[in-house]
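Commentary on secondary and tertiary structure
Spelled out from the first residue to the last, the chains are:
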Amino acid sequence: MRGLFIVLVLLLIAAPAWAAPRVKVESSSYDFGEVVQGDKVEYLFRFRNVGDDVLVIDSVHSSCGCTAALLSAKRIAPGDTGEIRTNFDSSNFRDAVTKTITMTTNDPENSTVRFQLQGQVIQELSLTPARIGFGTLAPGAKVEETVIIKNTSGETVTLDPPRTTNPNLQASLEKTSLEPGQQVALSITAQVPLDAKRLSGYVMVDTSYAKVSTLRLSVSASVSQ
């Protein structure tokens, strides 16, 4: 009888140690299909605590600043549901895109949970090429490149004169108004300083197109020594 009493006491003492939270996710990924560049994608990821202790969310963070993630609550009681509201801004992306949201919890068997947003971003105002790499240039070299801006939207787009973040880069447009379906040449000239080790910067063109208010083109080159 005494032995049975000891066993019961030990079981009562140990019982709380068995309690643990457990995350169960409704869906860990969402394919938003095709969106036009500049659109925002919103989606609500849901998860449930199917364990028998409080689920504590230590952190939620996304793979880049383009995706916001808002948690409904940091503590989820057994049987309750939590939510992560996500918002992806497609303004600076094109083609296939995958963004990851990572949630860390006190679930002993699943402390890290990952959610994914994926889909295709279609450009209606595009740059071809999307970036310029001049390779390796000699000090003092002067090089030129032409980039095509194409308007496949259904509206006329007005372009402001281009500006650059590096005084050694110059840019000009052949015209500043683009009808639907039209394209325009953006001319880039780079002058390598004699004492430079590398040349880099951006050419930016502000537009009247609400979804992509600024076109941004990166330009880079290495300098031979």
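Residues numbered from 1 in each chain as written. Predicted model: local features only at pLDDT ≥ 70, side-chain atom pairs only at ≥ 80, totals over all residues. Heavy atoms only, no water.

What follows covers the side chain of Ser 90. Among the secondary structure elements, Ser 90 is positioned in the loop between strand S7 (81-89) and strand S8 (95-105). Looking at Ser 90, the relative accessible area reads 0%, which means it is buried. One polar contact links the side chain of Ser 90 to the main-chain amide nitrogen of Gly 38, over a distance of 2.9 Å. Aside from chain neighbours lying at most four places away, what touches Ser 90 is Val 35, Val 36, Gln 37, Gly 38, Asp 39 and Val 121. (Helix = DSSP H or I, 4+ residues; strand = E, 2+ residues; numbered from the N terminus. Buried < 20%, exposed > 50% of the residue type's maximum accessible area, 1.4 Å probe, protein only. Polar contact = N/O pair within 3.5 Å; in protein donor to acceptor, adjacent residues only side chain to side chain. Contact = heavy atoms within 4.5 Å.)

Counting 30 residues, the largest nonpolar core has Phe 134, Ile 149, Leu 159, Leu 186, Ile 188, Leu 217 and Val 219 as its most contacted members. When residues of this core are traced back to their parent elements, those giving at least two are strand S10 (125-128), strand S11 (131-137), strand S12 (142-151), strand S15 (169-173), strand S17 (183-191), strand S18 (198-206) and strand S19 (214-223). Excluding residues within four positions of it along the chain, Ile 149 makes contact with Leu 125, Ser 126, Leu 127, Leu 159, Leu 173, Leu 178, Gln 182, Gln 183, Val 184, Leu 186 and Leu 215. Core analysis: the second largest hydrophobic core is formed by 20 residues, Val 41, Phe 45, Ile 76 and Phe 115 among them. (Core = buried A, V, L, I, M, F, W, Y, C linked by side-chain atoms within 4.5 Å.)

This next bit is on the sheet that holds strand S1 (residues 23-25). Taking strand neighbours across the sheet as the criterion, the four strands line up as S1-S3-S7-S5 in an open arrangement whose pairing is antiparallel. Two strands bound the open sheet, and with one partner strand each, they are S1 and strand S5 (67-71). Across the sheet, the mean angle separating the axes of adjacent strands is 25° when strand polarity is ignored. The pairing of S5 with S7 spans five bridges and is antiparallel. Across the sheet, the residue bridging to Leu 70 is Arg 85, located in S7. (Pairing = 2+ DSSP bridges. Axes fitted to C-alpha atoms, helices over the stretch in contact; angles between N-to-C directions.)

Another aspect to go through is the packing of aromatic side chains. On inspection of all chains with the given rule, the structure shows five aromatic pairs. Judged by centre distance (4.9 Å) and plane angle (75°), the rings of Tyr 43 and Phe 45 are edge-to-face. An aromatic cluster of three or more residues is present, and its members are Tyr 30, Tyr 43, Phe 45 and Phe 115. Directly above the ring of Tyr 202 sits Arg 216, whose terminal nitrogen or CZ lies 4.0 Å from the centroid. (Phe/Tyr/Trp six-rings, centres within 6.5 Å; stacked < 30°, edge-to-face > 60°. Lys NZ or Arg CZ within 6 Å of the ring centre and 35° of its normal.)

Our focus in this paragraph is the side chain of Asn 151. With respect to the element layout, Asn 151 can be found in strand S12. At 2.7 Å, the side chain of Asn 151 and the side chain of Ser 153 are in polar contact. Discounting residues that sit within four places of it in the chain, Asn 151 has contacts with Glu 124, Leu 125, Thr 156, Val 157, Leu 178, Glu 179, Pro 180, Gly 181 and Gln 182.

To continue, consider the environment of Phe 32. Note that Phe 32 resides in strand S2 (residues 29-36). With relative accessibility at 10%, the residue Phe 32 sits in the buried group. In sequence terms Phe 32 and Tyr 202 are 170 residues apart; their C-alpha atoms lie 30 Å from each other. Beyond its immediate chain neighbours, meaning those up to four positions away, Phe 32 contacts Val 41, Phe 88, Leu 117, Gln 118, Gly 119 and Gln 120.

Any link to function would need more than the numbers given here.
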